[in-house]
Amino acid sequence: MQTTKFQKRLFGTNGVRGIVGKDLTPELVVTIGEAFGTMRKGCIAVGRDTRTSGETLAKAIKSGLLATGCDVVDCGILPTPALQYIIKGQFDGGAMITASHNPPEYNGVKIIEADGTEMGDEETLKLEQLIFDLSLSTKPWEHVGHEVNAPHLIRKYIKSIINHFPHKIGSGMTVVVDPGSGPACITTPQILTEMGCRVLTINGIMDGTFPGRLPEPSSEGLRELAELVVSRGAAFGVAHDGDADRAVFIDENGRFVEENQEFALVAQHICHQKKGAIVTPVSTSQMVERVVKNEGCTITYTPVGSIYVARTMRSLIENGKEVVFGGEGNGGLIFPDHQFCRDGGMTAAMMVFILASNGQQLSALINKLPERFLIKDKISTPHGTKVLEFLKKAYSQDKMDETDGIKIFRGNSWALVRASGTEPIIRILVDAECHEEGQVFHKELMDHISAITKKYIT
Ligand code: MG
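Residues numbered from 1 in each chain as written. Predicted model: local features only at pLDDT ≥ 70, side-chain atom pairs only at ≥ 80, totals over all residues. Heavy atoms only, no water.

Novice: Mind showing me how you'd approach the coordination of the magnesium ion here?
Specialist: Around a metal, the ideal angle is 109.5 degrees if four donors adopt a tetrahedral arrangement and 90 or 180 degrees if six donors adopt an octahedral arrangement. Within the first shell, the magnesium ion binds the protein through S100 (OG), D241 (OD), D243 (OD) and D245 (OD), at distances of 2.0 to 2.1 Å. Sequence spacing among the residues donating to the magnesium ion works out to S-x140-D-x1-D-x1-D. A residue pair is termed long-range when its members are at least 10 positions apart, and S100 in the loop between β4 (93-97) and β5 (106-112) and D243 in the loop between β9 (236-240) and β10 (247-250) qualify at 143 residues. For the pair S100 and D243, a shared accessibility class is recorded, and that class is buried. (Donors = N, O, S within 2.8 Å, 3.2 Å for Na, K, Ca; no water. Helix = DSSP H or I, 4+ residues; strand = E, 2+ residues; numbered from the N terminus. Buried < 20%, exposed > 50% of the residue type's maximum accessible area, 1.4 Å probe, protein only.)

Novice: Would you mind going over unusual backbone geometry with me for this structure?
Specialist: For residues that are not glycine, phi is negative in most cases, and the peptide bond is trans in most cases. Positive phi, close to 50°, is recorded for L134, a residue that is not glycine. Structurally, L134 can be placed in the loop between α4 (121-133) and β6 (147-149). Since its relative accessible area comes to 58%, L134 is described here as exposed. At N203, a residue that is not glycine, the phi angle is positive and equals roughly 55°. For N203, a relative accessible area of 21% gives the class partly exposed.

Novice: Sorry if this is basic, but what is going on with the sheet that holds strand β13 (residues 298-302) here?
Specialist: Overall, mixed pairing links the four strands, which are arranged β13-β12-β14-β15 in an open sheet. Bordering the open sheet on either side are β13 and β15 (333-334), each of which pairs with just one other strand. Two elements, strand β12 (residues 277-281) and β13, share five bridges in a ladder whose sense is parallel. Within the sheet, the bridge partner assigned to I278 lies in β13 and is I299. Against the sheet, helix α8 (residues 259-273) contacts β12, β14 (323-327) and β15, and its axis sits at roughly 175° relative to β14. Sitting on the sheet, helix α9 (residues 286-294) touches β12 and β13, and the angle it makes with β13 is about 150°. (Pairing = 2+ DSSP bridges. Contact = heavy atoms within 4.5 Å. Axes fitted to C-alpha atoms, helices over the stretch in contact; angles between N-to-C directions.)

Novice: Help me out: how do you make sense of the sheet that holds strand β1 (residues 16-19) in this one?
Specialist: Two modes of strand pairing occur in sheets, parallel and antiparallel, and in both the strands are linked by backbone hydrogen bonds. Across the sheet, six strands lie side by side as β1-β5-β4-β2-β3-β6; this open sheet has mixed pairing. Whereas interior strands pair on both sides, the edge strands pair on one side only; in this sheet they are β1 and β6. Neighbour-to-neighbour, the strand axes of the sheet open up by a mean angle of 15°, direction not taken into account. Taken together, the four bridges between β4 and β5 define a ladder with antiparallel strand orientation. Following the sheet pairing, A95 is matched in β5 by I111. Contacts between helix α1 (residues 26-39) and the sheet are confined to β1, β2 (43-48), β4 and β5, with β5 contributing the most and set at about 0° to the helix. Across the sheet, helix α3 (residues 80-87) touches β2, β3 (71-77), β4 and β5, and the angle it forms with β4 is around 170°.

Novice: Just to check I follow, could you spell out the state of the cysteines for this structure?
Specialist: Simply put, disulfide is the name for a covalent bond between the sulfur atoms of two cysteines. Tallied over the full model, the rule gives zero disulfides. For C185, which is in no disulfide, the shortest distance to another cysteine sulfur is to C197 and amounts to 17 Å. (Disulfide = S-S within 2.5 Å.)

Novice: What is the right way to look at the side chain of R40 in this model?
Specialist: Within the fold, R40 resides in the loop between α1 and β2. Judged by its relative accessible area of 18%, R40 is buried. A distance of 2.8 Å separates the side chain of R40 from the side chain of E113, its partner in a polar contact. Apart from the residues within four sequence positions on either side, R40 is in contact with C70, D92, E113, M119 and E123. (Polar contact = N/O pair within 3.5 Å; in protein donor to acceptor, adjacent residues only side chain to side chain.)

Rendered as structure tokens:
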């Protein structure tokens, strides 16, 4: 099965994003609200992350929705997966004001369907068309919508995660949580505390200027978290991105757990319990495929983007397949018996469960995973599509996959070359069995791409 990627004009892989006041204005967000309200009738849930522009833009989207006759329930500040969980089956759709991992000057809109998943490409293209045509059905005074506030709904999300695990499974475990001043300040520490853990927090006060670290949970930004984990003798540290749909980990020695290792560890645990398919983008390390197959499960690859993973999981299940887990090699994991979107809070809780069930330290579990060497690189060029065409011909003798960009296989290694849909760059990812093999493959590709851009493209 293949999920096809559509090129959109306004929406990227994760909704509309931009610098507030420059690319993303309240006027645009009102129009997005009007367009969404034109497409979907009924009651729409709205939420936002902690960004300083969140209040303005939440008011803008609500204004557009109300003008088209939709009723609005404002859930306040909460993680994106919390809003998605609240929407699932209870609302006619939702809108989340967030720019996820982007710096504080950014914000965005993510549109959510009634089943709690992000709006798919085909519907998003229809939404974009309404925005560009200004084909908006605003209502007269007697038919505009009403708004209520419901900040208490976040409790439903917290409870759903806690109820997923044995009572107080985290008793005796110390965990340090770094919500990065984002909306997980009011979810993850609470979830882990109610699971029985002793929880310490850093960057635990909501602040849209992100004074402690940037919303992207990079290993450099998590040094203070790592120090705290070691000094307090914690079992692990967990950090979220700006809207807490992703979670990344620090082991008990203060070492950053590479996200593919995190994915492989959780996949291994789930596949040990349940048999079925794992769904992930073509960019995920082969380490995950190895542990999944070792446990007797299968793997299905999709284009890059969590929406493709979530929708493929749904469609496999609709076709009678057992799907046990999904996600990306960036800390965005999807638990299908919870909901079909990435969920950072659920991922943090799952780590408590894995460590409590295994009785081993996180570093020991990570060290047992198959070794792989990842090299990430990029080249600036406006000719991404052409470069890919040339590469396809040059490597036509090699085994190749074209689910997203081109993935070239060589022995036990592979390289993925993709042209960005939003920036004039080509992204190169090499996943190799050993360091030398990866370096050779990487250099060969980089040389090849620069030769193509110099020789054939002026
Ligand atoms: Mg995010």
